[in-house]
Amino acid sequence: MTTATAAVTAPAIKQRRAFTAVLRRDLLVTWSELPVFLAQVILQPLFLLFVFGKVLGSLGYTQHGYSDLLFPGLLALTAVITGMQTLAFPLVIEFGWTKEIEDRLLAPMSTALVAAEKVLFATLRALTATLVMIPVGIIVLGSIPWRWSGVPLMLLAMVLGSMLGAGLGLVLGTLVVPQRINIVFSLVFTPLLFTGCSQYPWPSLARLRWFQIVTACNPMTYVSESMRAALVPEVPHIAPWVCILVLVCSLAVLMVIGVRGFYRRAID
Amino acid sequence: MSRGAVATDRTDAPAVEVDGLVKRYPKSPVNAVDGISFTVAPGEVFGLLGPNGAGKTTTVGMLTTRVKPTSGHAMVGGVDVGADPVRARSMLAVVPQRSNLDRSLSIRRNLTFHAAYHGVPAADAAARADELLAQFGLRERGDVKPDLFSGGQSQRVMIARALMHQPQVLFLDEPTTGLDPAARLFVWDRLRELRRRGVTLILTTHDMHEAALLADRVGIMDHGKLLALDIPEALMRGLPGSSTLELSVHAGGNGDAPSSLVGEFERLPGVERVEPLPEDEQEPDDPHWRVRLYVSGEASTLVAPTATLLAERGLSLSGVELGEPTLEDVFIHLTGRTLR
């Protein structure tokens, strides 16, 4: 190895070490509060699943088979919302209040890598939460729609959905000042929750054209639709390739805005 | 400015080199830091003194890669902080004014994870954490989370944490602001210990006493400019009329300072100004009057001439107090206003 390449690789190794140490810190903290983490991520989809999938079905207010349609949507919802919450809330507090992030910003790694670690960690957490929803679904509903041939697409949708949530979280977390956190989150969170097609398939909205347009603007819709394409293909859905294309493009845009916002918060 | 003055008599490269550093924040009509230059030698303790808003924190922000300079250069440990911030971060450590400890981790893990971020092997980090926890009186509290720590304790943990990766330069922002006197003394002791071990320290403060006590050299900042930079003694020596001589005189029958005497004192060589002081009310049976002479040069040389003048009038001195100038006097002289 020449000295020139040594000079280039040495910092790269150092940066990789710093990156893994920061990730290790986040995983350790999650592990040490695992019950809280699980309660936090499972409760909301659990209740949605129970009320809409089980209770309403048992009482005859929903058609037979609605829970099969709802379950893939809830996987999408869990992925996106968990990714967003994991990243946005702590980031707002760390930047605006506790300043905890400063020790990581002063680690020998580029500021973009600190942001990348946040995204990776939020994605991992969201993936875990979404995978946990599978046994939860079996327990609550008795059975869940499942197709082994659909698993690769389901996993891809889970990863993209988790990353989408993380990307939204990065954008929100760097834009919002702590004083506004409550207002902004309720303004973003609830619409996101109910316009992401997790509780209804998108093509069926043709009868409600304006709402169909609104939902088409929420990138979560494309996660829900991919999930249905994977697990309940008999339900009309947007073509998976369209979903993946939209998701990849949304991710690219969110990451650019988010990392830029992160730099603005990290460096004056 | 005495750029390089200290560095030249040492063989090592400077620990910190600042050259024409400017920072203007967006939407601000003025420069927060307005073209400052200085050099800090390895092992030196350098104090940046100035009121709030003088530009000290912004200067440290630029040196520690958290604020992007508008123009100018800064090197820390031989690394250009603007061009290679990632490498510069290995050279330095920062102890901020307010706690930024990781609240999800125990004190010990705050230390060991900081070391891990900086690539210190785990075994070394554990040993060093033990050592530093003991040194900072935190041995018993290693497993506690920092939420419940007082300002003084957090400060100690943050200094210990900063030392985990053995930085070449340690930056401390107002290290003892808001601490109680005991905690302040403890922090000062630890800083002096670091200085003995040759760690370069850069501290910002608006406490003149702290600057005079700890710093080898002090830079006085106001409105983003470095107004003076020297060893504290030289800054104070250069001050006209800042030594004082305070005389207490038995008043005899008359309690007022005779105005003719004030005139006579003013004519003594070296006296710049004479100020009659309010009467000492501690001892009403034994009235004194007091007067303060502002002197350029050594105040003690004026004790004999003033005593003679008094004796000629049948008055006797009952007390003499010599006052040395403080950095606050230097600051007031340079800026025309007080530090706080």
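Keep in mind it's a predicted model, so treat the numbers as computed, not measured. (Residues numbered from 1 in each chain as written. Chains lettered and ligands numbered in written order. Predicted model: local features only at pLDDT ≥ 70, side-chain atom pairs only at ≥ 80, totals over all residues.)

(A) How the structure looks around the packing of helix α2 (residues 34-58) of chain A against helix α3 (residues 66-98) of chain A. All names here are of chain A. Running from amino to carboxyl end, α2 crosses α3 at an angle of 165°, the nearest separation of the two axes being 10 Å. Taken as axis vectors, α2 and α3 run roughly antiparallel relative to one another. Two packed elements cross with a definite hand, and for α2 against α3 that hand is right-handed. Facing α2, whose interface residues are Val41, Pro45, Leu48, Leu49, Phe52, Gly53 and Gly57, α3 presents Tyr66, Ser67, Leu70, Phe71, Leu74, Leu77, Thr78 and Thr82. A per-class count over the contact of α2 with α3 returns ten nonpolar, five polar and no charged. (Axes fitted to C-alpha atoms, helices over the stretch in contact; angles between N-to-C directions. Helix = DSSP H or I, 4+ residues; strand = E, 2+ residues; numbered from the N terminus. Parallel < 35°, antiparallel > 145°, perpendicular 65-115°, else oblique. Left-handed = near helix turned anticlockwise from the far one by under 90°. Contact = placed C-beta atoms within 7 Å. Nonpolar A, V, L, I, M, F, W, Y, C, P; charged D, E, K, R; others polar.)

(B) Expanded view of the interface of chain A and chain B. Each partner contributes to the interface: chain A provides 23 residues, whereas chain B provides 22 residues. Going through the elements one at a time, α1 (3-32) and α4 (102-105) of chain A are the ones with two or more residues in the side of chain A that touches chain B. With nine residues, the top contributor of residues to the side of chain A that touches chain B is α1 of chain A.

(C) Region of the structure containing the pairing of strand β7 (residues 169-173) of chain B. Residues and elements named next belong to chain B. Across the five residues that make up β7, a large majority, five, are buried. What you see with β7 is no split at all: Val169, Phe171 and Asp173 on one side and Leu170 and Leu172 on the other are buried throughout. With five bridges connecting them, β7 and strand β8 (residues 200-205) associate as parallel partners. Note on β8: the bridge partner recorded for Phe171 is Ile202. For the crossover from β7 across helix α6 (residues 181-196) to β8, the handedness is right-handed. (Buried ≥ 20, exposed ≤ 12 C-beta atoms within 10 Å, placed from the backbone. Pairing = 2+ DSSP bridges. Right-handed = clockwise from strand over helix to strand, strands pointing away.)

(D) Broad picture of the pairing of strand β6 (residues 92-95) of chain B. All names here are of chain B. On β6, burial covers both faces: Leu92 and Val94 on one face and Ala93 and Val95 on the other are all buried. Pairing between β6 and β7: four bridges, direction parallel. By the bridge assignment for β7, Leu92 is matched with Val169.

(E) Up close: the confidence of the model for chain B. All names here are of chain B. Model confidence for chain B is summarised by a mean pLDDT of 83, while 88% of its residues fall at 70 or above. Throughout residues 1-10 the model reports pLDDT below 50, and contacts reaching past four residues in sequence, or to other chains, amount to 18 contacts. Complex prediction metrics read pTM 0.82 and ipTM 0.87. (pLDDT = per-residue confidence, 0-100.)

(F) Spotlight on the sheet that holds strand β5 (residues 79-80) of chain B. All names here are of chain B. Across the sheet, four strands lie side by side as β2-β1-β4-β5; this open sheet has antiparallel pairing. Of all strands in the sheet, those bounded by a partner on one side alone are β2 (33-40) and β5. Examined bridge by bridge, strand β1 (residues 16-23) and β2 share six bridges and lie antiparallel to one another. Within β2, the residue paired with Val22 across the bridge is Asp34.

(G) Region of the structure containing the sheet that holds strand β9 (residues 217-222) of chain B. Residue and element names in this part refer to chain B. Ordered by their spatial adjacency, six strands build an open sheet running β6-β7-β8-β3-β9-β10, and the pairing between neighbours is mixed. The open sheet has two edge strands with one neighbour each: β6 and β10 (225-230). Neighbour to neighbour, the strand axes of the sheet diverge by 15° on average, direction disregarded. Both strand β3 (residues 45-49) and β8 contribute to a ladder of five bridges, which runs parallel. Paired with Gly47 across the strands is Leu203, a residue of β8.

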